[in-house]
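# Structural features, examined
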Amino acid sequence: MYIYVYFCVAVATPSADETTYSNVNYSKTQRPGSKQPAASNRRSGVTSERVALLVLSVLLAAAVTALGVTHEACPRCEDGWEPHGGKCYFFSLFTSSWNQSRRQCRSMRGDLVVINNREEQEFLVSRLMEKMDNPEDKFWIGLTDSKKEDEWLWVDNTRLDPRLKFWRDGEPDNWTGSKSDGEDYPDGEDCVRMGVEYLQSWSDKSCESPQKSICEKPEEACP
Ligand SMILES: [Ca+2]
Ligand SMILES: [Ca+2]
């Protein structure tokens, strides 16, 4: 941009040499029967060149600016999705079963979140701290043992890495509920939700239980 400004100033401002040349030219044309029209033509020729250069430089600057704006505005994540580490995250505040929540994520070309490292877990906990209203206000993640009990699989079919488990104390417990509490889960708990109890914030829960959810998908590629 500095180069462009300098260029415009240089084009729009007559240099000392040009001024001197014009003055000399003008004094020569003051003689009787002078060739003033010719000098005028020369000046208008120079002026036209300047205008052309000025227009060109303005167009060039507009193109450069447009490119810059396009790059900055390039949507890495759609509206409502939060960018982090090359991924986009959607925190759905609508509560539904694990399967229904997963369908909602997939309908937005994502899936329930797969947590691949400690940093991602830290990010999600920090975001949920701002979003949770109470300790039970938890979110589904893309982890389940519904195919085979105690064999935890992410929605991308990868096995849960033993070094990257963030279970709460006492979880997973595959709890079957308590009829007296009105909670009866004969199939146990096969889906995972997370909260904000430090990093160890996962617990298994009945997949039919209505929970909020976290969707994830890759960032959009910039053109
Ligand atoms: Ca289970
Ligand atoms: Ca549990």
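Thresholds applied
- All residue numbers refer to positions counted from 1 along the written sequence of the respective chain.
- For this description, chains carry letters from A and ligands carry numbers from 1, given in the order in which they are written.
- In view of the model being predicted, local features appear only for residues whose pLDDT reaches at least 70, and side-chain atom pairs are presented and counted only at 80 or more, with totals across whole chains, interfaces and linings using the full set of residues.
- Runs of H or I in DSSP of at least four residues are treated as helices and runs of E of at least two as strands, each being numbered from the N terminus.
- With C-beta atoms placed from the backbone, a residue is labelled by how many other C-beta atoms lie within 10 Å of its own: buried for 20 or more, exposed for 12 or fewer, partly exposed between the two.
- Only strands that DSSP links by at least two bridges are regarded as paired with each other.
- Each C-beta atom gives one direction from the helix axis, and the arc is the one those directions make.
- Remark: residues whose backbone-derived C-beta atoms lie within 7 Å of one another are considered to be in contact.
- Think of a nonpolar core as buried Ala, Val, Leu, Ile, Met, Phe, Trp, Tyr and Cys residues chained together by C-beta atoms that fall within 7 Å.
- A residue's pLDDT is simply how confident the predictor is in it, with values from 0 to 100.

Here we come to the overall build of the protein chain. The secondary structure content of the protein chain amounts to five helices and ten strands. For the protein chain, buried positions account for 19% of its 223 residues.

Let's shift gears to the pairing of strand 9 (residues 202-205). Side-chain alternation along strand 9 places Trp202 and Asp204 on one buried face and Ser203 and Lys205 on a second face that is also buried. Here strand 8 (residues 191-194) pairs with strand 9 via four bridges, running antiparallel. For Val192, the partnering residue across the bridge sits in strand 9 and is Asp204.

The next point concerns the environment of Glu149. Looking at the secondary structure, you find Glu149 in the loop between strand 4 (139-144) and strand 5 (153-154). It is 8.7 Å that separates the C-alpha atoms of Glu149 and Asn174, two residues lying 25 residues apart in sequence.

What follows concerns helix 4 (residues 98-107). Among the residues of helix 4, Trp98, Ser101, Arg102 and Cys105 are the ones counted as buried. With its buried residues spanning 100° around the axis, helix 4 presents them on a single face. Turned more than 90 degrees away from the buried face of helix 4, the exposed residues are Arg103 and Ser107. Lining the buried residues of helix 4 we find strand 2 (87-96), strand 3 (111-112), strand 4, strand 8 and strand 10 (211-218). One or two steps after helix 4, the chain reaches Arg109, where phi turns positive at roughly 60°.

As a rule of thumb, soluble globular proteins bury nonpolar side chains together. The biggest cluster of nonpolar side chains holds 23 residues, and the ones touching the most others in it are Leu112, Val113, Trp140, Ile141, Val192, Met194 and Ile214. The biggest single contributor to this core is strand 4, with four residues.

Once that is clear, we can look at the environment of Lys212. Mapped onto the secondary structure, Lys212 falls in strand 10. Taking the C-alpha atoms as reference points, Lys212 and Lys138, separated by 74 residues in sequence, lie 6.3 Å from one another. If sequence neighbours within four positions are ignored, Lys212 has contacts with Ser92, Leu93, Thr95 and Phe139.

This brings us to the confidence of the model for the protein chain. Per-chain confidence: the protein chain averages 79 in pLDDT, with 70% of residues scoring 70 or above. Here residues 1-40 is a poorly scored stretch, pLDDT under 50, and it has 19 contacts once near neighbours within four places are set aside; other chains count.

In this section: unusual backbone geometry. With an omega of -5°, the peptide bond running from Glu171 to Pro172 counts as cis. Looking at the secondary structure, you find Pro172 in the loop between strand 5 and strand 6 (177-178). The phi dihedral of Asp150 is positive, around 70°, even though this residue is not glycine. Secondary-structure assignment places Asp150 in the loop between strand 4 and strand 5. The exposed category is assigned to Asp150, around which 10 C-beta atoms lie within 10 Å. Backbone geometry at Asn174 places phi at a positive 50°, although glycine is not the residue there.

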